[in-house]
Amino acid sequence: MKPVPHATSLRRAPVQRRSAERLTRILDACADLLDEVGYDALSTRAVAQRASVPIGSVYRFFGNKREMADALAQRNLERYSERVTQRLRQAGGDGGWRTAMDAVLDEYLDMKRTAPGFSLVDFGNQIPVGARHSEPNHRVADRLTELLSGYLDREPDEDLRRVFLIAVETADTLVHLAFRVAPEGDERIIGEARELLRAYLARALD
């Protein structure tokens, strides 16, 4: 079963398997509808109909559609973390920060291209559309510090977190530019972003 958001993002955490499966269907429906109709036209009733659950089941977990989008963003971060972890596990200990950087960027790009609803919600900084709040990038930097400190054999201290925060903010800005230029992401801009990140991380991590 796919992971569901941490209990703190929900009105009520699912306890039974059936309840967890229902929550997963609700978030899947939310993601699909975000791609189809956008955030402004999204409604809890439409999500309930798409998920084939009573409207009360949606309100059991979420007070409104913003809370639902926030929970979807949290689930995106959990799935992203799992993908990066799996990629690094497959790579073994080879490559150091360069392998880690490729995993972090490539998995983000793949989710950007394929994950339903991700283009609007990603990790929380696109709803309302165009909003640019710093909190989600801080959350991503915290998660990467937690995930990668052991792989890089570095202390998960404020210096490492600051490095990751700068890298995340830079990648976020340039990747969004790439996807504004081309629907699947302009490869030249992505290539420039990759080179910029490599230059910065070489100075900070070598």
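Our subject is the structure listed above.
Here is a short report on the structure shown in this document. Note that this is a predicted model, so its numbers are computed, not measured.

**Thoughts on the overall build of the chain**
Working step 1: For the chain, the count of helices and strands is 9 helices and 0 strands.
Working step 2: Listing each helix as α and each strand as β along the chain from the N terminus yields α-α-α-α-α-α-α-α-α.
Working step 3: Partitioning the intrachain contacts of the chain with sequence separation of at least 6 by distance along the chain shows that 65% fall at a separation of at least 24.
Working step 4: Working note: accessible area of the chain is about 10,600 Å², and carbon and sulfur atoms make up 49% of it.

**Focus on the nonpolar core**
When a protein is soluble and globular, its nonpolar side chains tend to lie buried together.
Working step 1: With 36 residues, the main nonpolar core has Y80, L144, L148 and L201 as its most contacted residues.
Working step 2: Elements with a contribution of two residues or more to this core: α4 (65-91), α5 (96-114), α7 (135-152), α8 (158-181) and α9 (187-205).
Working step 3: It is α8 that provides the largest number of residues to this core, a total of 10 residues.
Working step 4: Beyond its immediate stretch of four places on either side in the chain, L201 contacts W97, M101, V163, A167 and D206.
Working step 5: Grouped together as the second largest cluster of nonpolar side chains are 24 residues, L27, L33, Y39 and L42 included.

**Some thoughts on α9**
Working step 1: An ideal rise of 1.5 Å per residue puts 27 Å on 19 residues; α9 measures up with 26 Å between its terminal C-alpha atoms.
Working step 2: Of the positions making up α9, those classed as buried are I189, I190, A193, R194, L197, Y200, L201 and L205. Looking straight down α9, one finds that the buried residues subtend no more than 140 degrees of arc, so they occupy a single side. For α9, the exposed residues lying more than 90 degrees away from the buried face are R188, E192, A199 and R203.
Working step 3: Check the buried side of α9 and you find it contacts α5, α7 and α8.

Rules used throughout
- Residues numbered from 1 in each chain as written.
- Predicted model: local features only at pLDDT ≥ 70, side-chain atom pairs only at ≥ 80, totals over all residues.
- Heavy atoms only, no water.
- Helix = DSSP H or I, 4+ residues; strand = E, 2+ residues; numbered from the N terminus.
- Contact = heavy atoms within 4.5 Å.
- Areas by Shrake-Rupley, 256 points an atom, 1.4 Å probe, with all protein chains shown as cover.
- Core = buried A, V, L, I, M, F, W, Y, C linked by side-chain atoms within 4.5 Å.
- Buried < 20%, exposed > 50% of the residue type's maximum accessible area, 1.4 Å probe, protein only.
- Expected span 1.5 Å × (residues − 1).
- Arc of directions from axis to C-beta.

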